[in-house]
Amino acid sequence: MVLALRRNAYSAFPPRCLDEPVVELRVAGRHIVLASSPDAIRHIMITHADDYGRLALGRRVLGPIVGRGLLVSEGESWRRQRRAMAPAFTPRNVPVMAQHIIRCTEVACDRLDRSRGTPVNLLHELQILSLEIAATCLFSLEASTFGAELRKMVSEYMDTIGRLYPTDILLPGGVPTLLRARRALFRRRWTRLIHSIIEMRAGRARADVPRDLFDLLREAHDSDRGDLLADEVSTMIVAGHETTALTLFWMCTLLAKAPQWQTAIAEEASGVDLSAEGAATSLPKLMVTRAVVEETLRLYSPAFMTGRFAKRTHEICGARIAKGSIVLIPYWLLHRNPRWWPNSGAFDPSRFLSGAEPDRFTYLPFGVGRHVCIGAQLAMSEAILAIARLLQKFTIAMTGDRPVLPVGTLSTRPDHAPAFVLQAREAALFHPGGFPPPILPVVQPLLQI
C-alpha cells in the first residue's frame, strides 16, 4: 500500500474499504487507519477534531511548494492566516470575480477558436486559463510574464518529488535523504520565482482600486521575518489554478463522452447573459451547469484525500485507534461507494438536480471541518462560468480510444493529456422536459487500477 501511495493513491486502498468503515493496517511498526465512512469522518473532522492533528508527512510533501502556507499550518498560525484571507473570499466579491472569470475565458475562447477543428492539448489550455483567472482575481496580475515557468515548475514537482514516498511515512523528519535534498533544491528555485512575482505585484500602482488578496496578505504578514507572505502567495497561486484547471479538464473528459449534457449546458447558457457585466447575475441560473460541475467533483475531486494523526486513543465505529496512528481519509472512495451513491460509476449530473441534497458527510469535494477550502465559492463560480461559456461556443470531442485514468499525487491528475477537437457549436438540439440518462460506463473501476 505504501508503494502504491507513491505511484497512484487511487490504487492504494483495499476493496474492503467500501464495506468496512475503518480499516487498520500496520506498516513497519506504524499504525495506518483508513477511514472511509461518513460516521468515521464526522468523528475525526468534526466531533473530535481537536484530538486529530495535521500530518507531519503532509508538511514534508507540501512544504517545498507552499512553505508554511494555509494548506499546512495549524493552531494559532492557521487561525491568523485564515482571518487574513477571509475578506477576499466573501460573497460580496463574487460580482468582481465573475467579471474577471468571463474576461479571461473570452481570451481562452479566442485562442481555442484559432485551433478549431484540429487536435489541441486542452489540459494545457485550461491550465493557462485558470492561472490567468487566479492571477487576476487574487493578485491583479497578468500571468503572461510568469505563467509558463510557474506551470512548468508545478508540473515538475507534482510528477516527481511531490509524490508521497515510503520514506515520508516510515522515517523520522530529521533523517537526511536524497529526496529531501532534491526537495530543498526545488524550494530554493521556487522561492526565487515567487519573490519575483511579489516584486512585480508590489511595484504596480493601485490608486483608487479595491484591495485584492495580495493587499490583505501583505498587510497581515509584512512584518513576518520568516517570509510567510511568499508562502501564502505561492499557496494561493498553486491551489487556485491547479485544482480548477483539473476540474475543468475532467469535466471536458466526461462531457466528451456525453454530448447530450454538452447540449444541455449550451441550451442553458444561451438563455442567460454571460458577458462580464451579466455573469454574476446569471451564475445562480446555471443550475444544470452547476450539477455537471458537482458530479465531476464527485468523481474526480482534485483534493482526493486528507490525513490526520491521532493525538489520543479513540474508538471509531467500534475500532480502537491508538494514539499516534496515521489516519487517511480517501474522499474519492467515499464519493464512489455504491452504499451512498446509486450507479456510483455513472456520470449522472441529474443526481444533483433532484432537489435532495446528499448527506453532508458523503460528499466532500472541498473537505470538511475547520480546514474546509476557503476558496470553494470562487472555485465553483470559476468552473461553472468557464464551462458554460466554452460550451456555449464549442462542442468538445476527444480523439483516440485510450482511457484517461486518474493519478492521485498531490491532486487528481490524468495519466496522460489526450487530444481534444473543438468545433463551432450550431443550434442547440436539447429541449427542456427531462435530462439525459446516466452515461455508462464512463468511470474506470479504480480499485482495479
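Residues numbered from 1 in each chain as written. Predicted model: local features only at pLDDT ≥ 70, side-chain atom pairs only at ≥ 80, totals over all residues. Heavy atoms only, no water.

Time to look at the pattern of salt bridges. Summed over all chains, the structure comprises 19 salt bridges. Here Glu20 ties to Arg16 by a salt bridge, and the two come within 3.3 Å at their closest N and O atoms. Since its relative accessible area comes to 36%, Arg16 is described here as partly exposed. When the shortest N-O distance is used, the salt bridge between Arg79 and Glu76 registers 3.4 Å. Here the residue Arg79 and the residue Glu76 both occupy positions in helix α4 (residues 75–85), the gap between them amounting to 3 residues, near one helical turn. The exposure class of Arg79 is partly exposed, given its relative accessible area of 37%. Classification of Glu76 by relative accessible area gives partly exposed; the value is 43%. If you follow the salt bridges from partner to partner, you end up with Arg68, Arg187 and Asp231 in one network. (Salt bridge = Lys/Arg side-chain N within 4 Å of Asp/Glu carboxyl O. Buried < 20%, exposed > 50% of the residue type's maximum accessible area, 1.4 Å probe, protein only. Helix = DSSP H or I, 4+ residues; strand = E, 2+ residues; numbered from the N terminus.)

So, about the packing of aromatic side chains. Going through the model one piece at a time under the given rule, you end up with 12 aromatic pairs. Ring plane angle 35 degrees and centroid distance 4.8 Å describe the contact between Tyr10 and Trp332, whose orientation is recorded as tilted. A residue pair is termed long-range when its members are at least 10 positions apart, and Tyr10 in the loop between α1 (2–7) and β1 (22–27) and Trp332 in helix α15 (residues 331–335) qualify at 322 residues. Across this residue pair, the class does not change: Tyr10 and Trp332 are buried. Ring geometry for Trp341 and Phe352: centres 5.9 Å apart, planes at 40 degrees, overall tilted. Here Trp341, found in the loop between α15 and α16 (376–393), pairs with Phe352, found in the loop between α15 and α16; they are 11 residues apart in sequence, far enough to count as distant. You'll find Trp341 and Phe352 in the same group, each marked buried. Here a set of aromatic residues connected by ring pairs shows up, and it is made of Tyr10, Phe13, Phe304 and Trp332. Seen from the ring of Trp341, Arg298 lies directly overhead, with NZ or CZ sitting 5.3 Å from the centre. Here the guanidinium or amino end of Arg336 rests over the ring plane of Tyr300, the centre of that ring lying 5.2 Å away. (Phe/Tyr/Trp six-rings, centres within 6.5 Å; stacked < 30°, edge-to-face > 60°. Lys NZ or Arg CZ within 6 Å of the ring centre and 35° of its normal.)

Remember, this is a structural readout, not a statement about activity or role.
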